[in-house]
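Topology and contacts: notes
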Amino acid sequence: MSETLADRNQPRQPVGQLSSPGGQFPALIEGILPWQSVSLFSGASGVGKTALKAEWIARLLDGRSILGHRTHKPTSVFYLAADRPWVETYSEAFEAAGV
């Protein structure tokens, strides 16, 4: 079913309140990352995207807050990195974050 212009003008739930059908699963990060979502981080090389993602993943897996927002511990996290070799690019940041 496609969305109509009238549908687009309807009030939306704030991201932090988005949850699964029936409210069974709350947002992973209230106000930031809804349940069953895909996220994309982009920015210039060397600005800290990998360190930020590693820290957020560690916090999610431990159930700690992120930027003052409550989190809901997921059963798992899938991180796809296909642009560079893992060991040379990502492993240090993830190990430092405890992931």
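Going by the structure above, here's the rest.
Below is a short write-up of the structure.

Cut-offs and rules
- For every chain, the first residue of the written sequence is number 1, and numbering continues from 1 onward in sequence order.
- Local features in a predicted model are, by the rule used here, given only for residues with pLDDT of at least 70; side-chain atom pairs are given and counted only at 80 or more, and totals for whole chains, interfaces and linings are based on all residues.
- Hydrogens and waters are ignored; side-chain quantities use all the structure's heavy atoms.
- Elements are defined by DSSP. Helices are runs of H or I of four residues or more, strands are runs of E of two residues or more, and each kind is numbered from the N terminus.
- Note on definitions: a residue-residue contact is assigned when non-hydrogen atoms from the two residues lie within 4.5 Å.
- In short, Shrake-Rupley with a 1.4 Å probe defines the accessible areas, and a residue's cover is counted only from the protein chains shown.

The subject of this paragraph is the overall build of the protein chain. Scanning the protein chain from N- to C-terminus turns up four helices and zero strands. For the protein chain, the succession of helices and strands along the chain, N to C, is α-α-α-α. Pairs at least 24 apart in sequence give 38% of the contacts found in the protein chain among residues at least 6 apart. Accessible surface for the protein chain amounts to roughly 7,400 Å². Of this, 54% is attributable to carbon and sulfur atoms.

With that settled, consider the environment of Val99. Positionally, Val99 belongs in the segment after helix H4 (91-97). Sequence separation between Val99 and Ile57 is 42 residues; the distance between their C-alpha atoms is 7.5 Å. Apart from residues lying up to four places away in sequence, Val99 is in contact with Ala54, Ile57, Ala58 and Phe94.

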